[in-house]
Amino acid sequence: MVGFVAVHTGAGNCINEQLYKNVCRDACTASIEILRSGGSALDACETAITHLENSPSTNAGFGSNLTWDRTIECDASIMDGQTLNFGGCTNVSDVKNPIKLARSICDLQSKTLAHGRVPPMVVSGDGASKIAKELGIPLVEDSEELISEKALHCFNHFKGKINSRAMTKNTTHTSPLDTVGAVCVDGDGNISAGCSSGGIILKTSGRVGQAATYGAGCWAVSDRDRCVATCTTGMGEYLMKTLLAREIVNDLMHCQCPVTSLNKTFKEKFLDSPYLKTPEPLFAGALTILYDRSSGTGDVLWSHTTAAMCISYMGTSFRKPKFICSELPTSCKSGRTTVVSGKQFTLPT
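Note that the coordinates shown come from a computational prediction; the quantities given were computed from them, not determined experimentally.

Thresholds applied
Counting restarts for each chain, with residues numbered from 1 along the sequence as it is written. Totals for whole chains, interfaces and linings use every residue, but because this is a predicted model, local features are given only for residues with pLDDT of at least 70 and side-chain atom pairs only at 80 or more, for both listing and counting. Side-chain numbers here rest on the full set of heavy atoms in the structure, without hydrogens or water. Secondary structure elements follow DSSP: runs of H or I of four or more residues count as helices, runs of E of two or more count as strands, with numbering from the N terminus. Two things to know: the radius of gyration comes from C-alpha atoms, and the globule rule equals 2.2 Å times the number of residues to the power 0.38. Buried means the residue's accessible area, taken with a 1.4 Å probe over protein chains only, is under 20% of the maximum for its type, while exposed means over 50%, and partly exposed covers the values in between. Two strands form a pair only when DSSP identifies at least two bridges running between them. With axes taken as lines fitted to C-alpha atoms, and helix axes fitted only over the stretch in contact, angles between N-to-C directions fall between 0 and 180 degrees. By definition, residues are in contact when any of their heavy atoms lie within 4.5 Å.

A. Structural view of the overall build of the chain. The helix and strand tally for the chain stands at nine helices and 13 strands. Here the C-alpha atoms of the chain give a radius of gyration of 19 Å, agreeing with the 20 Å that 2.2 N^0.38 yields for 349 residues. Dimensions of the chain along its principal axes, counting C-alpha atoms only, are 55 × 55 × 40 Å. In the chain, buried positions account for 58% of the 349 residues.

B. Representation of the sheet that holds strand 8 (residues 226-234) in the model. The strand order across the open sheet built from five strands is 7-8-9-10-13, with neighbouring strands paired in antiparallel fashion. Each edge of the open sheet is held by one strand with a lone partner, namely strand 7 (218-222) and strand 13 (339-346). Along the sheet, successive strands turn relative to each other by an average axial angle of 10°, direction set aside. Where strand 10 (residues 297-304) lies against strand 13, eight bridges are found, and the strand directions are antiparallel. Considered in strand 13, the bridge of V300 is made with K343. Taken strand by strand, helix 8 (residues 244-252) contacts strand 7, strand 8 and strand 9 (284-292), and its axis lies near 150° from that of strand 8. Its contacts with the sheet put helix 9 (residues 258-271) on strand 9, strand 10 and strand 13, and the angle it makes with strand 10 is roughly 30°.

C. Region of interest: the sheet that holds strand 11 (residues 308-315). Here eight strands make up an open sheet; going across it, the order is 4-3-2-6-5-1-11-12 and the pairing mixed. The outermost strands of the open sheet, each flanked by one partner alone, are strand 4 (122-124) and strand 12 (322-327). If you compare each strand with its neighbour and ignore which way they point, the axes differ by 10° on average. Pairing geometry for strand 2 (residues 74-80) and strand 3 (residues 86-92), over five bridges, is antiparallel. Residue pairing in the sheet places C74 in a bridge with V92 of strand 3. Contacts from helix 2 (residues 41-54) reach strand 1 (3-12), strand 2, strand 5 (180-186) and strand 6 (191-197) within the one sheet, and its direction differs from that of strand 5 by about 155°.

D. Representation of the environment of A41 within the structure. Here A41 shows up in helix 2. Residue classification places A41 among the buried positions, given a relative accessible area of 2%. Between the C-alpha atoms of A41 and N190, which are 149 residues apart in sequence, the distance is 6.2 Å.

Have a look at this one:
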């Protein structure tokens, strides 16, 4: 069985490259084993993000950023490029792995509930917890179990030091934006994308982030020959206003040069978007796979306007994952310039 997976730990400031390298590599390795065993792209994507959520180093699942009220509120979503089904959850505080709940909601899209009811696409709060329990998805008895030492230290540092005026600038510019995500393609050419996040540090309680928002956090589409999937990271409100994930995929579906297309999308539909008329820097990143079924070739692409973005990728033919800490050139202005790069890959037939 063949396939390819790529993961990221967020676009922002790479505080500890070796730490993110280990986390990414573990997620890739676990995901590839799913593909080698005959699992689907959706299975592999869920597995990769589950491993990322379980790390205390990331801002997803265990270790998620705390809200202004010192609570855990996680967002996650996943999309199947073959069926175009999407599932998400938001403001969940007691689900150990939010991506598992998002995957279950995604699967429910192909079913009809009792009495002909339409299944939910995104679930929230207590209702999400109830559904997770009914589906047998692991919960924690106390949301305090999801708070890591890193998250608590970050919360205490910013809550005790800054006032409301400085909060946005300080937390955006100095804290890592370590939302996680994964994209995957399997041997049948099926593609998927997913993301998970605890949100920005000291966010308002009840806030819904891009990681749970349709068209903003992740997007995946397969047609007869070309398949594209992407997951985003960065300033959630701006990613939601621009529906950046969907825009990236739509532009790549018909492009001649993937790198040129990504750069143009970031420039015209994010940095210069009419929906984002602000003098403030605009921070975002995306991890993308473009795959051609007819030739068995593809591209893994990463793009970001932040200082750095850590990514890792692996194919079933690889001995070990590849890791890259992509950095913005010192001559470029963070939040105003896009870095786009990538690597080609081939799935054996």
